[in-house]
Amino acid sequence: MNTAERRQRHVYPDMDQLFVLLLLWSSDVQADRKQDSTESDDVRLVGGANRCGGTLQVKHLGEWKPLQFIDCTLKEAAVVCKHLDCGSAVSVEQSSQSSVWGVSSTCVQSGSALRNCVTSEYFSSAVELTCSDSVRLLNGSSLCSGRLEVKSNQSWSSVCEADFDQQDAEVVCRELGCGPPSVLQGALYGAVEAPVWSKEFQCGGHESALLDCRSSGSARNSCSPGKAVGLTCSESDDVRLVGGANRCGGTLQVKHLGEWKPLQFIDCTLKEAAVVCKHLDCGSAVSVEQSSQSSVWGVNSTCVQSGSALRNCVTSEYFSSAVELTCSDSVRLLNGSSLCSGRLEVKSNQSWSSVCEADFDQQDAEVVCRELGCEPPSALQGALYGEVEAPVWSKEFQCGGHESALLDCRSSGSARNSCSPGKAVGLTCSEPVRLVGQASRCAGMLEVKVGKWRTIDYFDWELKEAHVVCEHLGCGSAFSIQWKNEPSEISVLKIEPDCVHSGSALRDCAKLYSSSLTLNVTCKDLLVQPIISVSFMNGVSMAQQQELQVSRGSNFTISCSIQPQYPGGSFQLTFTSSNTAYNYTQPAVNHSAHFLFPAPEPAHQGNYSCVYHVYDLSSESRLLSVTVSDPKHSDIVKVVVITLVALLVIVLMILGLHLYCQVNRQ
């Protein structure tokens, strides 16, 4: 979603608020009817085929005007349909109009009736609703299920099971914009409520509306308990992914009113993508991307997470980009704490199978984790996420670890039909989270992999969110967060703080976003111990000694170094003796510093240690004890001999040069 679309959406109330609003409004209006019937006709649909379809209008201050509210789905439309005494909600669209009223978000939150929340703000498009005229399903788990009621002569009636068959059900499901009937059972969604429909329906199955069907001449005034028609229509094959490498990847499209159109998930994360993958009988959700397209319908993520059918979550809002999803084709992890963990299942011949621990090893796990867009496996244990469920995968995987998909691996010829309890493969892959751009893995720009590595938007993050990242990386607690301005907006991931603290994996919380501010995190990792070492003029280096004896007047260098964890910092060489103490400080260059002692004296005798400082962290090396002594007699003799030899060499060189010159003159 681009910046303009986000800013446009910001002025509207969210879907949950609107749903609450409409419920409050509906109950409020019902109460008002009892007090003043003149206020009952403040909402209408105009311009449609009948009074149950058209542009939604509200009467305010004696004037009718169209209404606009964002993220209107079939769930909200159903409230309007009920208020108008129409049937079930069938469709939600948008139409271009002038002088369209909006709805005040603040007013919505206060719980006021809809007519009292109309604002002076104007929009250029209005909501178009279509409700069924004479049939509805009540008390169901979706808009495509419930107890059937039919309207005639301004009255709604229950239908008796004896007067309704499969062909009648096909007509009702089609009239409501649902898929074919999947369940037809008496009292499935409640008992009969009076009045009862008096005739038997005799549909051929091709009719467009139930009341277009023929009916018997016999009349019925009652229906036995448990015999009210309960109908469940399927959600049909109304969702697909197109344009990808296979049926489990590509642009998300939904079929609505006979037309396929691309969809834009509002604030889509891998959690929502997983719902689509499951609906399509694909594997785990791997990535979410965006593509530029025209006439894209919106889908409300909150609605999807609530368990509603995708069709019921389509909004009337239009976008200029569609969502691109990639699901794994043949592997999935179930019942895990994130999309990178769970009980492993493999798909073959359109059937999902559990995998036995004896047929799966570490190299196989590496392939699965990579196939699912996760990092390498961190735990592989039988029954970690549940017991084996039939059927069981029949052969042993023999992956080399480099394959891109599990089904690309070789397998054994032996077959297995069962697996012992506690032996179902439970796999935990590492979450794809990292800090990059610094010498230390515990500091840098935060990146999360959702299909590919992306940076994180800075907005709304504080130290408590960064602490979760540091803890996940094994880097202690968060020390600081900073933002980096990129000159222009780039594609990033936005992770809401609430999702971070819910215990969800960062990858599962990430949603596509555009921002110019990216997030840098520095963790308070426990510093490793610095190394203190000594080197001499002759190139000899000593790193492991705890005691060192040097000759007075010679020279030596004490070096401080540390393994790379953080950039910069400084080294402090501390010295203590029986009667004094002092410090030398140098900046860390390439994670080291060198302190030269050109002419040691007895005053340099004592204990030395290196202390590394970075941010508010510090770490100290072991102690090095240095003793300064006078040169030994043997050492003096060696010096004298070396000096005499050097003088002799010089004399010989001079004599040789003199002789050479004389020969040349002759």
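Residues numbered from 1 in each chain as written. Predicted model: local features only at pLDDT ≥ 70, side-chain atom pairs only at ≥ 80, totals over all residues. Heavy atoms only, no water.

Quick word on the overall build of the protein chain
What counts here: Per the convention used, a helix needs a DSSP run of H or I reaching at least four residues, while a strand needs a run of E reaching at least two, with both numbered from the N terminus. Each residue's exposure class comes from its accessible area (1.4 Å probe, protein chains only) as a fraction of the maximum for that residue type: buried when under 20%, exposed when over 50%, partly exposed otherwise. We call two residues in contact when some of their heavy atoms are within 4.5 Å.
What the protein chain contains, in helices and strands, is 12 helices and 39 strands. The buried share among the 666 residues of the protein chain stands at 48%. Within the protein chain, residue pairs in contact and separated by at least 24 positions form 69% of the contacts whose partners lie at least 6 positions apart.

What about helix H9 (residues 463–472)?
For the record, the criterion: As used here, the arc is the angular range of directions from the helix axis to the C-beta atoms.
Along H9, the positions that sit buried rather than exposed are Glu 465, Ala 466, Val 469 and Cys 470. Across the axial projection of H9, the buried residues extend over an arc of 145°, all falling on one side. When the buried face of H9 is taken as reference, the exposed residues oriented beyond 90 degrees from it are Lys 464 and Glu 471. Residues of H9 that are buried sit in contact with strand S25 (433–436), strand S26 (443–450), strand S28 (477–494), helix H10 (497–501), helix H11 (506–509) and strand S29 (511–524). Of the residues trailing H9, Gly 474 is marked for its positive phi of about 70°.

A word on the nonpolar core
Where we set the bar: Buried Ala, Val, Leu, Ile, Met, Phe, Trp, Tyr and Cys residues form a nonpolar core when they are joined through side-chain atoms within 4.5 Å.
One finds Leu 252, Phe 265, Ile 495 and Leu 573 to be the most contacted residues of the largest nonpolar core, which totals 79 residues. Here Phe 265 is in contact with Leu 252, Glu 272, Val 276, Val 299, Ser 301, Val 304, Leu 310 and Val 323, once residues within four sequence places are set aside.

Describing the state of the cysteines
By definition, a disulfide links two cysteine residues through a covalent bond between their sulfur atoms. Selection criterion: Two cysteine sulfur atoms form a disulfide, by the criterion used here, when they sit within 2.5 Å.
Scanning all chains against the criterion turns up 16 disulfides. Here Cys 52 pairs with Cys 86 through a disulfide, and the sulfurs are 2.0 Å apart. One disulfide, between Cys 52 and Cys 86, carries an S-S torsion of -90° and so falls in the left-handed class. Note that Cys 52 is positioned in the loop between strand S1 (43–47) and strand S2 (53–60) and Cys 86 in the loop between helix H3 (74–83) and strand S4 (89–103), a separation of 34 residues in sequence.

A few points about the pattern of salt bridges
Applicable threshold: Salt bridges, as used here, are contacts in which a Lys or Arg side-chain nitrogen is within 4 Å of a carboxyl oxygen on Asp or Glu.
Under the criterion given, the structure shown has 14 salt bridges. A salt bridge links Glu 149 to Arg 147; the shortest N-O distance between them is 2.9 Å. You'll find Glu 149 and Arg 147 in the same group, each marked buried. For the salt bridge of Arg 343 with Glu 345, the shortest nitrogen-to-oxygen distance reads 3.0 Å. Of the two residues, Arg 343 and Glu 345, both sit in the buried class. Connected through shared salt-bridge partners, Arg 332, Arg 343, Glu 345 and Glu 389 make up one network.

Here we look at the environment of Val 433
Counting through the fold element by element, Val 433 comes out in strand S25. On the basis of relative accessibility, which here comes to 9%, the residue Val 433 falls in the buried class. On a C-alpha basis, the gap between Val 433 and Val 448 in space is 4.7 Å, while along the polypeptide they are 15 residues apart. Each residue touching Val 433, except ones within four places of it in the same chain, is listed here: Leu 446, Glu 447, Val 448, Trp 453, Val 469, His 472, Leu 473 and Leu 506.

Here we look at the packing of aromatic side chains
Short version of the rule: The criterion for an aromatic pair is that two Phe, Tyr or Trp rings (for Trp, the six-membered ring) have centres within 6.5 Å, with stacked assigned to planes under 30 degrees apart, edge-to-face to planes over 60 apart and tilted to the rest.
Counting across every chain of the model gives 12 aromatic pairs. Aromatic side chains Phe 556 and Phe 597 sit 5.0 Å apart centroid to centroid with 10° between the ring planes, which places their arrangement in the stacked category. Separated by 41 residues along the polypeptide, Phe 556 in strand S33 (residues 556–561) and Phe 597 in strand S36 (residues 592–597) bring together distant segments of the chain. Residue classification places Phe 556 among the buried positions, given a relative accessible area of 1%. For Phe 597, a relative accessible area of 6% gives the class buried. Each ring, one from Tyr 582 and one from Tyr 584, has its centre 5.2 Å from the other, and the planes form 90°; the classification is edge-to-face.

Topic: helix H8 (residues 362–371)
In plain terms, the rule: Pairing of N or O atoms within 3.5 Å defines a polar contact, subject to two protein rules: one partner must be a possible hydrogen donor and the other a possible acceptor, and residues neighboring in sequence count only if both atoms are side-chain atoms.
Every buried residue of H8 is accounted for by Asp 364, Ala 365, Val 367, Val 368, Cys 369 and Glu 371. Regarding H8, its N-cap is Asp 361, as a side-chain oxygen of that residue lies 3.2 Å from the backbone nitrogen of Gln 363 further along. In the segment just after H8, Gly 373 is the residue with positive phi, at about 75°.

A look at unusual backbone geometry
Positive phi values are uncommon outside glycine, yet Asn 153 reaches one of about 55°. On the secondary structure map, Asn 153 appears in the loop between strand S7 (145–152) and strand S8 (155–158). Even without glycine at this site, His 591 takes up a positive phi of about 65°. Structurally, the position occupied by His 591 is in the loop between strand S35 (581–587) and S36.

Things to note about the pairing of strand S19 (residues 341–348)
Applicable threshold: We treat two strands as partners when DSSP finds at least two bridges between them.
Summarising burial for S19: seven of the eight residues are buried, a large majority. With five bridges joining them, strand S18 (residues 331–335) and S19 adopt antiparallel strand pairing. Following the sheet pairing, Asn 335 is matched in S19 by Gly 342. Joining the antiparallel neighbours S18 and S19 is a turn of five residues. Across three bridges, S19 lies against strand S24 (residues 425–429) in antiparallel orientation. Bridging from a neighbouring strand, Ser 341 pairs with Thr 428 of S24. Relative to strand S20 (residues 351–354), S19 runs antiparallel, the two sharing four bridges.

Let's talk about the side chain of Thr 522
Inspection of the secondary structure puts Thr 522 in strand S29. Beyond its immediate chain neighbours, meaning those up to four positions away, Thr 522 contacts Cys 442, Ala 443, Cys 470, Ala 478, Phe 479, Ser 480, Tyr 566 and Tyr 615.

Focus: the side chain of Thr 455
Structurally, the position occupied by Thr 455 is in strand S27 (residues 452–455). Taking relative accessible area as the criterion, Thr 455 reaches 10% and is therefore assigned buried. The residues touching Thr 455, leaving out its near neighbours within four places in the chain, are Met 445, Leu 446, Glu 447, Ile 490, Val 492, Leu 493 and Thr 518.

Quick word on the confidence of the model for the protein chain
What counts is decided by this rule: pLDDT gives the predictor's per-residue confidence on a scale running from 0 to 100.
On average, residues of the protein chain carry a pLDDT of 83, and 87% of them reach 70 or more. Per-element confidence in the protein chain ranges from a low mean pLDDT of 39 for helix H1 (residues 3–10) to a high of 96 for H8. For the stretch residues 1–40, pLDDT sits under 50, and the model shows 78 contacts to residues farther than four places along the chain or on other chains.

Points about a nonpolar patch on the surface
Put simply, the test is: Patch building starts from residues that exceed 30% relative accessible area and form no salt bridge, then joins like charges within 9 Å and nonpolar side chains (Val, Leu, Ile, Met, Phe, Trp, Tyr) within 5 Å. Areas reported here follow the Shrake-Rupley algorithm with a probe of radius 1.4 Å; residue values treat only the protein chains shown as occluding.
Residues Val 641, Val 645, Val 649 and Met 653 make up a contiguous nonpolar surface patch of roughly 360 Å² in combined accessible area. Along the chain, Val 649 turns up in helix H12 (residues 633–665).

Points about the environment of Phe 575
Looking at the secondary structure, you find Phe 575 in strand S34 (residues 570–576). Sequence spacing of Phe 575 and His 604 is 29 residues, and the spatial spacing of their C-alpha atoms is 8.4 Å. Ignoring anything within four residues of it in the chain, the contact list for Phe 575 reads Thr 580, Ala 581, Tyr 582, Asn 583, Ala 603, His 604, Gln 605, Gly 606, Asn 607 and Tyr 608.

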